[in-house]
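Single-letter residue listing:
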Amino acid sequence: MVDRVRLYAAPTTQADADELASWLRERLSVAFEEPPSVTVEERFLDRYATEDLPREFASARVTSPYDRETGSTMLGIVRYEERALEDPTREGGVLYDGLAVQRALNGRLPENDADLSTAHVVLLDRALGTWGDHDGRWHKRVSVLGQPALCSVPGLYEAPAKPEGYYKEQQKHAMLAGDAPPREVLENQVDGDFLIEDDPRTTDALKGYVLGAVHYLTTGEAFCETEGCRLYNAHYHETLVEAQLRDPAFCPEHARRYDPDGRRTDGSAAE
Ligand SMILES: [Zn+2]
């Protein structure tokens, strides 16, 4: 029985942990007679980093999209990870094995706080992936469920596929100009909605993932199968925007649990 949720902030990202926590409190107060308390905690990596954590991050690095084996513990890489832990704004462009990072962080939970009466939800400033056995490659993820649950802020921008026009525009520009098109060009030329780095909608778009992490630890149920539900695991930006940023917030089943008074944009009550 989860009686407490600790939500760890990622201060260098656009994710507002206080806003996420207060939204989560509201949802849980509907779902539970005695809802778990929700507290906002400092950055997990600041609180629990130990001397050997940089090495563990180094060995969790994905080195090729098609190579299951991860990691390099070469001194230069470990140094880089040391610096990135101290100053996350210097980190970027590296993909980590989400399950390896989860194991590393799980091992650092304080003993008296490590059982499932506390749900630890860590907002992370790192891109995470999981290996796809079915297709032999790494897939970026927004969240990795479990204890602690990881929600990757860069994953929100990078994991779902962007609209087709985005890649066409990118290719066209590369052929004509030989480099990547500026962000404004992509945004103005491409039909369809997608989130970009530091998107102002970041916090709102993460709400369903944070709730999904707690939902999993309290019910054992992973993502919802219904497109458009906040608990849906979108593989495309367009379905992510639909699930997280458009009404109704939940599918009928999850609305009964988390938002029974939910209102559609037209003002009528949700079913
Ligand atoms: Zn649902």
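Higher on the page you've got the structure.
Residues numbered from 1 in each chain as written. Predicted model: local features only at pLDDT ≥ 70, side-chain atom pairs only at ≥ 80, totals over all residues. Heavy atoms only, no water.

### Quick notes on helix H5 (residues 98–106)
Counted only if it meets this: Relative accessibility under 20% of the residue-type maximum defines a buried residue, over 50% an exposed one, and the middle range a partly exposed one, all with a 1.4 Å probe and only protein chains included. Elements are defined by DSSP. Helices are runs of H or I of four residues or more, strands are runs of E of two residues or more, and each kind is numbered from the N terminus. Under the rule applied, a polar contact is a pair of N or O atoms within 3.5 Å (in protein, one hydrogen donor and one hydrogen acceptor; residues adjacent in sequence only if both atoms are side-chain atoms).
Taken as a whole, H5 has its buried residues at Gly 98, Ala 100, Val 101, Gln 102, Ala 104 and Leu 105. Measuring from the backbone nitrogen of Leu 99 back to the side-chain oxygen at the start of H5 gives 3.0 Å, which picks out Asp 97 as the cap.

### Some details on the packing of aromatic side chains
The cut-off we apply is this: A pair of aromatic rings is counted whenever rings of Phe, Tyr or Trp (Trp by its six-membered ring) have centres within 6.5 Å, and the orientation is called stacked for planes under 30 degrees apart, edge-to-face for over 60 and tilted otherwise. Throughout this description, the term charge over a ring refers to an Arg CZ or Lys NZ atom that lies within 6 Å of the ring centre and within 35 degrees of the ring normal.
On inspection of all chains with the given rule, the structure shows nine aromatic pairs. Centre to centre, the rings of Trp 23 and Phe 250 are 6.5 Å apart; their planes meet at 15°, and the pair counts as stacked. Residue Trp 23 is located in helix H1 (residues 17–31), and its partner Phe 250 is located in the loop between helix H10 (237–245) and helix H11 (252–258); the two are separated by 227 residues in the primary sequence. In this structure Phe 250 comes out as buried when scored by relative accessible area, which is 6%. Three or more aromatic residues link up through ring pairs in this structure, and these residues are Tyr 8, Phe 44 and Tyr 48. One residue, Lys 162, lies across the ring of Tyr 166, its end atom 5.1 Å from the ring centre. When the ring centre of Phe 32 is taken as origin, the NZ or CZ atom of Arg 257, which lies over that ring, is 5.4 Å away.

### A word on the packing of helix H9 (residues 202–219) against H10
Cut-off, in case you're wondering: Axis definition: a line fitted to C-alpha atoms, over the contacting stretch in the case of helices. Angles run 0 to 180 degrees between N-to-C directions. Should an angle lie under 35 degrees it is considered roughly parallel, over 145 roughly antiparallel, and from 65 to 115 roughly perpendicular; all remaining angles are considered oblique. The contact rule is simple, with two residues in contact once any of their heavy atoms fall within 4.5 Å. Here the term charged refers only to Asp, Glu, Lys and Arg, the term nonpolar to Ala, Val, Leu, Ile, Met, Phe, Trp, Tyr, Cys and Pro, and the term polar to all other amino acids, Gly among them.
Orientation of H9 relative to H10, taken along the N-to-C sense of each, is 80°, at an axis distance of 8 Å. Looking at the two axes, H9 sits roughly perpendicular to H10. Listed contacts from H10 to Asp 204, Ala 205, Lys 207, Gly 208 and Tyr 209 of H9 are Leu 240, Gln 244 and Leu 245. Across the contact of H9 with H10, the residue classes break down as four nonpolar, two polar and two charged.

### Overview of the coordination of the zinc ion
Six octahedral donors around a metal ideally sit at 90 or 180 degrees from one another, while four tetrahedral donors ideally sit at 109.5 degrees. So the rule is basically this: Ligating atoms shown are N, O and S within 2.8 Å of the metal, or 3.2 Å for Na, K and Ca, and water is not included, meaning a site may look less than complete. For a four-donor site, all angles between 85 and 135 degrees give tetrahedral; for four or six donors, opposite pairs above 155 degrees with the remaining angles between 65 and 115 give square planar or octahedral; all remaining cases count as irregular.
At 2.0 to 2.3 Å from the zinc ion lie its protein donor atoms, namely Cys 224 (SG), Cys 229 (SG), Cys 251 (SG) and His 254 (ND1). Viewed at the metal, the four donor atoms of the zinc ion are separated by angles of 96 to 115°, and the geometry they form is tetrahedral. One chain supplies every donor to the zinc ion, and in sequence these donors are spaced C-x4-C-x21-C-x2-H. Taken together, the residues Cys 224 in the loop between H9 and H10 and Cys 251 in the loop between H10 and H11 connect sequence positions 27 residues apart.

### Section: unusual backbone geometry
The omega angle of the peptide bond from Gln 147 to Pro 148 is -5°, so this bond is cis rather than trans. Position of Pro 148 relative to the elements: it lies in the loop between strand S7 (143–144) and strand S8 (149–152). Following Asp 247, the chain continues to Pro 248 via a peptide bond in cis, the omega torsion being -10°. Position of Pro 248 relative to the elements: it lies in the loop between H10 and H11.

### Details of the environment of Val 144
Mapping Val 144 onto the fold places it in strand S7. With a relative accessible area of 5%, Val 144 lands in the buried category. Between the alpha carbons of Val 144 and Gln 102 there is a distance of 7.9 Å; along the sequence they are 42 residues apart. Non-local contacts of Val 144, meaning those with residues more than four positions away in its chain, are made with Gly 98, Leu 99, Gln 102, Leu 128, Ala 149 and Leu 150.

### Let's talk about the sheet that holds strand S6 (residues 137–141)
Backbone hydrogen bonds are what pair the strands of a sheet, in a parallel or an antiparallel way. Going by this rule: Paired strands are those between which DSSP finds at least two bridges.
Strand order in the open sheet formed by three strands is S3-S5-S6, and the pairing between neighbours is mixed. Sheet topology places strand S3 (95–97) and S6 at the edges, where each strand pairs with a single neighbour. Direction aside, the axes of adjacent strands within the sheet are offset by 45° on average. Alignment of S3 against strand S5 (residues 127–132), held across three bridges, turns out to be parallel. Residue pairing in the sheet places Leu 95 in a bridge with Ala 127 of S5.

### So, helix H4 (residues 75–86)
Where we set the bar: What a helix should span is 1.5 Å times the count of its residues minus one. In this description, one arc is meant: the one made by directions from the helix axis to the C-beta atoms.
In this model, H4 (twelve residues) spans 17 Å end to end at C-alpha, consistent with the 16 Å of a helix rising 1.5 Å per residue. Along H4, the residues that are buried comprise Ile 77, Val 78, Glu 81, Ala 84 and Leu 85. For H4, the angular spread of the buried residues around the axis is 120°, confining them to a single face. Away from the buried face of H4 by more than 90 degrees, exposed residues Leu 75 and Glu 86 are located. Those residues of H4 hidden inside the fold are in contact with helix H2 (44–48), helix H3 (53–59) and S3.

### Points about the packing of H1 against H9
When two helices pack together, their arrangement is captured by the angle between the axes and the distance separating the axes. Where we set the bar: Should the near helix be turned anticlockwise from the far one by less than a right angle, the crossing is termed left-handed; should it be turned clockwise, right-handed.
Two elements in contact, H1 and H9, have axes separated by 10 Å at closest approach and are oriented at 50°. The angle between H1 and H9 places the two elements in the oblique class. Relative to H9, the crossing made by H1 is right-handed. Facing Glu 19, Leu 20, Trp 23, Leu 24, Arg 27 and Leu 28 of H1, the residues of H9 in contact are Thr 203, Leu 206, Lys 207, Gly 208, Val 210, Leu 211 and Val 214. Taken together, the residues of the contact of H1 with H9 break down into eight nonpolar, two polar and three charged.

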